[in-house]
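Summary of the model geometry
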Amino acid sequence: MSKKSNYLNILKRYSEQENSINTKLNNIINSEAYTDDYKKEARNKTQDEIKQLKDKTSQELLDILHMALNDHEKAVTTAIKERLENVNYQTGINSLVASIQANAISVDEWKNLGQTYLIDSVAVKRINKAITECGNKLSPLTYREDKTEQYLKQIENNIHTYIANHYADDKLTIVGMIDFIEKRLDDNMAYYE
């Protein structure tokens, strides 16, 4: 099972279990068949049950997130190393910079040529420096920052703020997290647009 599927299953299970616990409590509270003391005891028991559920769920979710962050960091490091060691890739950057400096690239050609390097911050800086120094009409590249770490840390913050916090109302946050994860994260929990 993928990290994403596992994460979503845990999150959905948590939501269902919390709703079930709260429904049972509401049935007791709204019933005239129980005494006020019993209702108070049921309320306390429910709070303990939800607290345990939140603790267990938040730890499971954090474990998956930390694994995803670690895997992502390894993948980014490997990709950077591979680009630096790839002679053809480096030759391509050098050739592109030389062509920019020689004003040998038209604006129409530029639309496609620079796209290869958008995820490489070092290459984008070198290329943009060449464009600026030459004063030609090419548009500088915009580095397409990898936002995976940023979004996973935001999800982690949401877990601490809403799920691990025993007193927080997390229903809307969980719906939002599920929607975001389903639409914007791949099976390894990496962000894509």
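Residues numbered from 1 in each chain as written. Predicted model: local features only at pLDDT ≥ 70, side-chain atom pairs only at ≥ 80, totals over all residues. Heavy atoms only, no water.

**Remarks on the packing of aromatic side chains**
We count it as follows: Each Phe, Tyr or Trp ring, with Trp reduced to its six-membered ring, pairs with another whose centre is within 6.5 Å; inter-plane angles below 30 degrees give stacked pairs, above 60 give edge-to-face pairs, and intermediate values give tilted ones. Secondary structure follows DSSP: runs of H or I at least 4 residues long count as helices, runs of E at least 2 residues long count as strands, and numbering of each begins at the N terminus. When a residue's accessible area, from a 1.4 Å probe over protein chains only, is under 20% of the maximum for its type it is buried; when over 50% it is exposed; and in between it is partly exposed.
Considering all chains together, one arrives at five aromatic pairs under this definition. Plain terms: the ring middles of Tyr34 and Tyr38 are 4.9 Å apart, the flat faces sit at 15° to each other, and that makes the pair stacked. Each ring, one from Tyr151 and one from Tyr191, has its centre 4.5 Å from the other, and the planes form 35°; the classification is tilted. Remark: Tyr191 occurs in the segment after α7 (171-184) and Tyr151 occurs in helix α6 (residues 148-163); sequence separation between them is 40 residues. Look at Tyr151 and you get partly exposed, because its relative accessible area is 23%. Joined through ring pairs, the aromatic side chains of Tyr151, Phe180 and Tyr191 make up one cluster.

**A short note on unusual backbone geometry**
In this model, Asn103 sits at a positive phi of 55°, which is unusual for a non-glycine residue. Judged by its relative accessible area of 47%, Asn103 is partly exposed. Phi at Met189 is positive, roughly 70°, even though this residue is not glycine. Its location among the elements puts Met189 in the segment after α7.

**What about the packing of helix α3 (residues 87-101) against helix α5 (residues 121-134)?**
Basically, it comes down to this: Think of each axis as a best-fit line through the C-alpha atoms, taken over the contacting stretch in the case of a helix, with angles from 0 to 180 degrees between the N-to-C directions. Any angle that is under 35 degrees is reported as roughly parallel, and any over 145 degrees as roughly antiparallel; angles of 65 to 115 degrees are reported as roughly perpendicular and all others as oblique. Whether a crossing is left-handed or right-handed is set by the direction in which the near helix is turned from the far one by less than a right angle, anticlockwise for left-handed and clockwise for right-handed. For this analysis, residues touch if any pair of their heavy atoms sits within 4.5 Å. Residues are grouped as follows: Ala, Val, Leu, Ile, Met, Phe, Trp, Tyr, Cys and Pro are nonpolar; Asp, Glu, Lys and Arg are charged; all remaining types, including Gly, are polar.
Closest axis-to-axis distance for the α3/α5 pair is 8 Å, and the angle between their directions is 15°. Taken together, α3 and α5 sit at an angle that is classed as roughly parallel. Classified by chirality, the crossing of α5 by α3 is right-handed. Listed contacts from α5 to Tyr89, Gln90, Ile93, Asn94, Leu96, Val97, Ile100 and Gln101 of α3 are Ala123, Arg126, Ile127, Ala130, Ile131 and Cys134. Among the residues making up the contact of α3 with α5, the classes are represented as 10 nonpolar, three polar and one charged.

**Quick word on the confidence of the model for the chain**
How we decide: Confidence of the predictor at the level of single residues is given by pLDDT, which spans 0 to 100.
In this model, the chain carries a mean pLDDT of 92, and residues with pLDDT of at least 70 account for 100%. The least confident element of the chain is helix α4 (residues 107-113), whose mean pLDDT is 86; the most confident is helix α1 (residues 3-30), at 96.

**Some words on the environment of Asn22**
Looking at where Asn22 falls in the secondary structure, it is placed in helix α1. Excluding residues within four positions of it along the chain, Asn22 makes contact with Thr46, Ile50 and Lys171.

**Here we look at a nonpolar patch on the surface**
We apply this condition: Patch criteria: residues need more than 30% relative accessible area and no salt bridge. Like-charged residues are merged within 9 Å; nonpolar side chains of Val, Leu, Ile, Met, Phe, Trp and Tyr are merged within 5 Å. Shrake-Rupley sampling with a 1.4 Å probe provides the accessible areas, and residues are treated as covered by the protein chains on show and by no other component. By definition here, a salt bridge exists when the distance from a side-chain nitrogen of Lys or Arg to a carboxyl oxygen of Asp or Glu is within 4 Å.
Where nonpolar side chains cluster on the molecular surface, the patch consists of Val76, Ile80 and Leu84 and spans about 250 Å² of accessible area. Position of Leu84 among the secondary structure elements: in helix α2 (residues 36-85).

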